[in-house]
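Geometric and topological summary
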Amino acid sequence: MNIEEGKKEENFDVGAKHVLVKKRGRKPKNTNAEFQINPDQTKFFVDLSKDKESLRKVFDLLIATNKKDYGKEITFKDLALFGIEKVTLKDIEKIQEISLSKKELLERAWSDFNKKNKQSLSFDDFLLKKVGIN
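What counts and how
Residues numbered from 1 in each chain as written. Predicted model: local features only at pLDDT ≥ 70, side-chain atom pairs only at ≥ 80, totals over all residues. Heavy atoms only, no water. Helix = DSSP H or I, 4+ residues; strand = E, 2+ residues; numbered from the N terminus. Buried < 20%, exposed > 50% of the residue type's maximum accessible area, 1.4 Å probe, protein only. Contact = heavy atoms within 4.5 Å. Axes fitted to C-alpha atoms, helices over the stretch in contact; angles between N-to-C directions. Parallel < 35°, antiparallel > 145°, perpendicular 65-115°, else oblique. Nonpolar A, V, L, I, M, F, W, Y, C, P; charged D, E, K, R; others polar. Expected span 1.5 Å × (residues − 1). Phe/Tyr/Trp six-rings, centres within 6.5 Å; stacked < 30°, edge-to-face > 60°.

**Observations regarding the overall build of the protein chain**
- Looking only at helices and strands, one finds six helices and zero strands in the protein chain.
- Along the protein chain, helices and strands appear, N-terminal first, in the series α-α-α-α-α-α.
- In the protein chain, which comprises 134 residues, the proportion classed as buried is 4%.
- In the protein chain, the share of contacts with a sequence separation of at least 24, taken over all contacts with a separation of at least 6, comes to 5%.

**Digging into the packing of helix α5 (residues 102-117) against helix α6 (residues 123-131)**
- Look at α5 against α6: their axes get within 10 Å of each other, and the N-to-C directions meet at 90 degrees. Comparing the axis directions of α5 and α6 gives the class roughly perpendicular. Contacts between α5 and α6 involve L106, E107, A109, W110 and F113 on the former and, on the latter, F123, F126, L127 and K129.
- Split by residue class, the contact of α5 with α6 holds seven nonpolar, no polar and two charged.

**A word on α5**
- The end-to-end C-alpha distance of α5, which contains 16 residues, comes to 23 Å, matching closely the 22 Å that a straight helix rising 1.5 Å per residue would cover.
- Directly after α5, the chain includes K118, whose backbone phi takes a positive value near 50 degrees.

**As for unusual backbone geometry**
- Not every positive phi belongs to a glycine, and K118 is a case in point at roughly 50 degrees.
- With respect to the element layout, K118 can be found in the loop between α5 and α6.
- Looking at K118, the relative accessible area reads 77%, which means it is exposed.

**Details of the side chain of N114**
- By the secondary structure assignment, N114 is in helix α5.
- In this structure, N114 is in contact with Q119, S120 and L121, ignoring residues within four places of it in sequence.

**Comments concerning the packing of aromatic side chains**
- If you walk through the whole model with that rule in mind, you get two aromatic pairs.
- Here W110 and F123 contribute two aromatic rings whose centre-to-centre distance is 5.3 Å and whose plane-to-plane angle is 75 degrees, an arrangement assigned as edge-to-face. With a gap of 13 residues between them, W110 in helix α5 and F123 in helix α6 connect regions that are remote in the sequence.
- For W110, a relative accessible area of 25% gives the class partly exposed.
- Relative to F126, the ring of F113 lies with its centre 5.5 Å away and its plane at 50 degrees, an arrangement referred to as tilted. Placement of the pair is F113 in helix α5 and F126 in helix α6, with a sequence separation of 13 residues.

See the structure below:
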């Protein structure tokens with residue numbers, strides 16, 4: 001076994017379950033799509049064509065990090081990997097919080113209210129109660 005074969009046999013198990021491929025067709029209502037990880041994926045692309053502010057930040061970082069006399073050129077990959085190493089559990093919680101839509105925030109508050117008060121208010125009744133309309 002040479003070094004190349006050893007690298008190919010390495011398995012990146014990140015705790016995701018393999019999900020059977022589902023048939024195509026209409027999606028049932030009120031179902032959330034399961035997040036699936038493809039452990040064979042080796043390329044990731046970041047499209048910043050519509051996010052000019054983020055693109056400007058990336059260029060500014062690349063310019064600043066490459067203002068040096070020695071060493072190899074620093075690429076976006078180097079910046080991304082450095083940043084990924086710095087992500088903590090609190091950062092992950094913040095990112096998850098940012099990903100919620102307004103409707104999902106309301107639904108979470110509704111389910112928390114029902115659990116806390118051991119009730120089964122409908123979503124409409126919950127909204128009326130929170131707004132204070134009789």
